[in-house]
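# Summary of the model geometry
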Amino acid sequence: MNNKAVVIEINEIPLRILKHYQKLNPDSNISHLLEQSLVLETKAEDVEVSVLYPSQTWGSLNTGIGYDSHKIHWYNDPKPDEYPLYWKTIAQNDISVGLVGTLHSSPADTYIKDENYKFVIPDCFAKDNMTKPEVYQDFQALNTSATKENGRAATMKFPKQKAVATLVKSPVLGIKSKTLFDAASLMARIKAGKVNKERLRNVQFNLLADVFLKQLKAQDVDLAIFFTNHVAANMHRYWYGLFPEDYGLKLYDEEWMDKYASEIMVSVELLDKFLGKVINYCQKHQRSLILASSMGQAADKKLKETPKYFYKLKNIRKFINQICVDKDYEYEIDAAMIPQYSLKFNSEEEAKECFATIAAAKEHFQNIHMKMYINGKVVTLATGLNKKADDFAIGDRHFSHQDLGFRRLMIEDHSSGKHCPEGSLIIYNSQTSTTTQDTVNYLEYAPAMLKYFGLDTPSYMLEPQFTI
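Below, the structure is looked at part by part. (Residues numbered from 1 in each chain as written. Predicted model: local features only at pLDDT ≥ 70, side-chain atom pairs only at ≥ 80, totals over all residues. Heavy atoms only, no water.)

## Notes on a negative patch on the surface
Going by this rule: Each patch is built from salt-bridge-free residues with over 30% relative accessible area, joining like charges within 9 Å and nonpolar side chains (Val, Leu, Ile, Met, Phe, Trp, Tyr) within 5 Å. Accessibility throughout is a Shrake-Rupley quantity obtained with a 1.4 Å probe, and a residue counts as covered only by protein chains that appear here. For this document, the term salt bridge refers to a Lys or Arg side-chain nitrogen within 4 Å of an Asp or Glu carboxyl oxygen. Only four residue types enter the tally: Lys and Arg on the positive side, Asp and Glu on the negative side; His and the chain ends are excluded. Charged side chains are reduced to one point each, which is NZ for Lys, CZ for Arg, CG for Asp and CD for Glu. For the purposes of this entry, the term helix denotes a DSSP run of H or I that reaches at least four residues, the term strand denotes a run of E that reaches at least two, and both are numbered from the N terminus. Remark: exposure states derive from per-residue accessible area (1.4 Å probe, protein chains only) relative to the maximum for the residue type, with buried under 20%, exposed over 50%, and partly exposed in between.
Among the surface-exposed residues, Asp253, Glu254, Glu255 and Asp258 lie close enough to one another that they form a single negatively charged patch. Tracing the chain through its elements places aspartate 258 in helix α11 (residues 254-260). Owing to a relative accessible area of 66%, aspartate 258 belongs among the exposed residues under this scheme.

Next up, the structure:
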């Protein structure tokens, strides 16, 4: 078969957001896609709603098997060879692939030298800056640094040497001069207090979008995948601003609404402009365009108050040392999405011992909250401090937040958007797309993609109820 596809992974964007944008902008690219495509709602049914998280659901969607089998819980968890990500299966069948940012594409050292991968910029939780071509390594260093620094609250901190190197190389990388000008203009407006500083997240999207389009056009791969999280980040913070009617109480005043109500649609507008370029490319080169999200977001109706502070863990070793007194565990700190922190040990035995020590201490926490997970050599802690407290204890030992390695940040936004099982699947420019229903199990996506490229599906995959 000679099928080719571009996949845009629109993390956590439900159809409601896209249709709302369409209503406001009937002549937009998103409106065109919704009118001219096979539009499906996906459902994540293999992960409990209480622990629903993109690291798990993207693992399920892209392997085609449920969470209980692939066991990928956090971003740097092991990826099982027996249940490969569908794009790895495609590359193994001599079909060319290009990747920018798709989750679980790091570590890349096990596959990046394969000639079927024409360009690879791994996800921003990578432990190194390996890329293909290598000219993007400084740029990737900016991405991984941004992920570490811009967890709960955005900051303008970045490795200046890598930034200068990226700026110098920007024409070669594909980064447009307008993108750089817009980024500089945004930072100036943020410093002047005219624009919300969380819009810095949109800068990363624009840079990655330029890079993806450059490589897509240059390499002409059979399957190109691009991942973006910039809309999801804004939905978490500002869902109330867009849909205040979803809540049974007034959480924010008019001043807050005036300042933040447009943030989600601003980020969707950037996506819309990017999609216009991708649509033109797919039409010109006769490619299918697929937009997919492994789950969605909805109103967090449990949000009842809006604290002014947030505690961010800045020194995890200091925190672990206060918990594991008189222990000297050796571990590496893997990248993760705040408030998750992953510790990688030299052996499973060491990981289990540290896990048990922390679990025992956890029974005596006061104003410290934590969920714990272990996967082989990796222990992941989802942890934080009570936002309304200033005294924290482990048994009879009392600490300030600084003693525990935390930093207190002022915040004006809160998690008014929460994860939900319903995501999006939009299939465009595919003449044979068919289905008999409007909602599908998201485990059907990976086998549908394999079939699109003329490959057999393994026995553990579902038979998809739609075709591309």
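So that's the structure; there's more coming.
## Description of the pairing of strand β1 (residues 5-10)
Working note: regular strand, side chains alternate between the two faces of the sheet. Selection rule: Strand pairing requires that DSSP identify at least two bridges connecting the strands.
Burial analysis of β1 places 6 of its 6 residues in the buried class, which makes it a mostly covered element. Neither face of β1 is exposed, since Ala5, Val7 and Glu9 on one face and Val6, Ile8 and Ile10 on the opposite face are all buried. Strand direction decides the pairing type here: β1 and strand β6 (residues 288-292), joined by 5 bridges, are parallel. From the neighbouring strand, valine 6 faces β6, where its bridge partner is leucine 289. Here β1 runs beside strand β5 (residues 223-228); their pairing, made up of 6 bridges, is parallel. Along β5, the bridge assignment pairs alanine 5 with leucine 223.

## Considering the pattern of salt bridges
Evaluation of the coordinates by the stated rule reveals 15 salt bridges. Taking the shortest distance from any N to any O, the salt bridge between lysine 4 and aspartate 222 comes out at 3.9 Å. Of this pair, lysine 4 sits in the segment before β1 while aspartate 222 sits in the loop between α9 (200-219) and β5; the two residues are 218 residues apart in sequence, bridging distant segments of the chain. The buried category is assigned to lysine 4, whose relative accessible area is 17%. Across the pair aspartate 334 and lysine 127 runs a salt bridge, and its minimum N-O distance is 3.9 Å. Of the two residues, aspartate 334 sits in strand β9 (residues 331-334) while lysine 127 sits in the loop between β4 (117-121) and α6 (137-149), which places them 207 residues apart along the sequence. You can call aspartate 334 buried: its relative accessible area is 4%. For lysine 127, a relative accessible area of 46% corresponds to the partly exposed category. One connected set of salt bridges, linked through shared partners, spans Lys4, Asp220, Asp222 and Arg287.

Read these as layout, nothing more, since geometry by itself doesn't imply function.
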